[in-house]
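Listed below are the residues making up each chain.
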Amino acid sequence: MQFFAGAFGWRGEVGPPETGYYTRMYRDDDVVAAIGQIDQGGMSWVTYLNVDDIEASARRIAECGGTVFAGPMDVMTFGRLAIAADPTGAIFGLWQAGEFDGFSGAIAPGNAVWFDQGSAEPPVAASFYREVFGLELLPDADGGGMLGHGERYYFSVSRNVAGNPADVKPVVMVESLERLEELITAQGGQIYASRVPLPNGGAATTFADPVVGAAIIAFAPTS
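Okay, so let's go over this structure. (Residues numbered from 1 in each chain as written. Predicted model: local features only at pLDDT ≥ 70, side-chain atom pairs only at ≥ 80, totals over all residues. Heavy atoms only, no water.)

## Considering the overall build of the protein
Per the secondary structure count, the protein includes 4 helices and 15 strands. Seen through its principal axes, the protein has C-alpha atoms that stretch 50 × 45 × 35 Å. A buried classification covers 40% of the 223 residues belonging to the protein. Restricting to contacts in the protein with at least 6 residues of sequence separation, those with at least 24 account for 48%. Approximately 11700 Å² of the protein is accessible, and the part contributed by carbon and sulfur atoms is 52%. Seen as two clouds, the 12 positive and the 27 negative side-chain charges of the protein have centres 2 Å apart. (Helix = DSSP H or I, 4+ residues; strand = E, 2+ residues; numbered from the N terminus. Buried < 20%, exposed > 50% of the residue type's maximum accessible area, 1.4 Å probe, protein only. Contact = heavy atoms within 4.5 Å. Areas by Shrake-Rupley, 256 points an atom, 1.4 Å probe, with all protein chains shown as cover. Lys, Arg positive; Asp, Glu negative; His and termini not counted. Charge placed at Lys NZ, Arg CZ, Asp CG, Glu CD.)

In structure tokens, the structure reads:
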């Protein structure tokens, strides 16, 4: 909570004991992320994809080479969730909304503005998400690209930094990558790729936070 407060301006609202002290993270009044605690290791970000029929989506994941290893299950009255892995090993979640629709927030500093699935096998990942969720691919030269419907894209499929496990990383907008990298270094995090220029402008830094080492991407419209 302390690191992300400094990095992105988030504040935490710790939940009650019956939720395992699940902590919602806010930027102003918008829910932007959450922090939970697990006992088995394997810490990472989990990006939840909103679905209308979580049972049908879970079956489709298994049919297309993925693995559902938790759920579908009720989360009190907030909604239903499942946790899965795609064929490259990247973990993601499914969410069928109840009282809680999901994260919110405009495209602004401190908010997640994109999500990126990274692995050693972009074509395999791209094919999986197209088949399971009916998404269209705007391909790139590496066999990955952007996934969405029509002119609206939801996330990208790319090649991870060599040696990093497959994952789905949130891309959070910041005002200054230089200031963020100073904070990461000072607190013991690891920078994988520093201020990489992007084709459509701006730059991105891929890093691991200093607490659990989960990879995340920060984006600044101008470096």
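## Brief notes about the sheet that holds strand 9 (residues 136–139)
Reading across from one edge, 9-10-11-8-12-15-14-13 is the order of the 8 strands in this open sheet, with mixed pairing throughout. Every interior strand has two partners, whereas the edge strands, strand 9 and strand 13 (190–197), have only one. Across this sheet, the average inter-strand angle for adjacent strands is 25°, counted without regard to direction. Bridge analysis of strand 9 against strand 10 (residues 145–149) gives 4 bridges, and the strand direction is antiparallel. Bridge pairing links Glu-136 to Gly-148 in strand 10. Across the sheet, helix 3 (residues 122–133) touches strand 8 (112–119), strand 9, strand 10, strand 11 (152–159) and strand 12 (167–173), and the angle it forms with strand 11 is around 150°. Along the sheet, helix 4 (residues 177–186) contacts strand 13, strand 14 (203–208) and strand 15 (215–220); its crossing angle with strand 13, the most-contacted strand, is approximately 170°. (Pairing = 2+ DSSP bridges. Axes fitted to C-alpha atoms, helices over the stretch in contact; angles between N-to-C directions.)

## Description of unusual backbone geometry
Geometrically, the link from Gly-71 to Pro-72 is a cis peptide bond, its omega value of 0° lying close to zero. The topology assignment puts Pro-72 in strand 5 (residues 67–75). With a phi close to 45°, Met-76 is a non-glycine residue in the positive phi region. Within the secondary structure, Met-76 is located in the loop between strand 5 and strand 6 (79–85). Of note in this structure, Arg-195 is not a glycine but carries a positive phi near 50°. Along the chain, the position of Arg-195 falls in strand 13. For Arg-195, a relative accessible area of 34% puts it in the partly exposed group.

Geometry only, nothing functional implied.
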